[in-house]
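Architecture and fold: a report
Read off the chains here:
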Amino acid sequence: QVQLVESGGGLAQAGGSLRLSCVASGRIFSIKNMAWYRQAPGKQRELVALVLRGGSTDYADSVKGRFTISGLNAKNTVYLQMNSLKPEDTAVYYCNGNINDLEHWGQGTQVTVSS
């Protein structure tokens, strides 16, 4: 059984920063990539940032230059550093991973940015 557990969400003011963490645990044989998605009320879940095992990263245009994904090291942990936050970043943020050739999701963590 593989689990993804997020932490680090909360309330921030516009222009502020938050750091999300996601730890993958359980019987893990391989991790191809991990990612952060978000879903705002009334909107579809969208990809925010992705990191491959080899270290390559990709970002949604809306967060480029503000968010940084890192990790996926021996501790099977991925981080999302969020700077220059905007009210439109408000959403539930989900950790996602391709682990053991299956897709796994965390339970989500709320991020709220006030103007």
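Relevant structure appears above.
Throughout what follows, the structure given in this document is the object of discussion. Keep in mind that what you see is a predicted model, and the values were worked out from it rather than measured.

1. Some thoughts on the nonpolar core
If you look at the biggest cluster of nonpolar residues, it comprises 30 residues, and the most contacted ones within it are Met-34, Trp-36, Leu-80, Met-82 and Tyr-93. Contributing elements (two or more residues each) for this core: β1 (2-7), β3 (18-26), β4 (31-39), β5 (46-52), β7 (67-71), β8 (77-82), β9 (91-99) and β11 (109-114). With residues up to four places along the chain from it excluded, the contact list for Tyr-93 reads Glu-6, Leu-20, Trp-36, Tyr-37, Arg-38, Val-48, Phe-67, Leu-80, Met-82, Gly-108, Thr-109 and Val-111.

2. A look at the state of the cysteines
One pass over the structure, following the stated rule, counts 1 disulfide. Covalently, Cys-22 is tied to Cys-95 through a disulfide, its sulfur atoms 2.0 Å apart. Measuring handedness by torsion sign, the sulfur bridge of Cys-22 and Cys-95 sits at about -85 degrees and is left-handed. Of this pair, Cys-22 sits in strand β3 while Cys-95 sits in strand β9; the two residues are 73 residues apart in sequence, bridging distant segments of the chain. The exposure classification of Cys-22 matches that of Cys-95, with both residues buried.

Reading the values: rules and limits
- Residues numbered from 1 in each chain as written.
- Predicted model: local features only at pLDDT ≥ 70, side-chain atom pairs only at ≥ 80, totals over all residues.
- Heavy atoms only, no water.
- Core = buried A, V, L, I, M, F, W, Y, C linked by side-chain atoms within 4.5 Å.
- Buried < 20%, exposed > 50% of the residue type's maximum accessible area, 1.4 Å probe, protein only.
- Helix = DSSP H or I, 4+ residues; strand = E, 2+ residues; numbered from the N terminus.
- Contact = heavy atoms within 4.5 Å.
- Disulfide = S-S within 2.5 Å.

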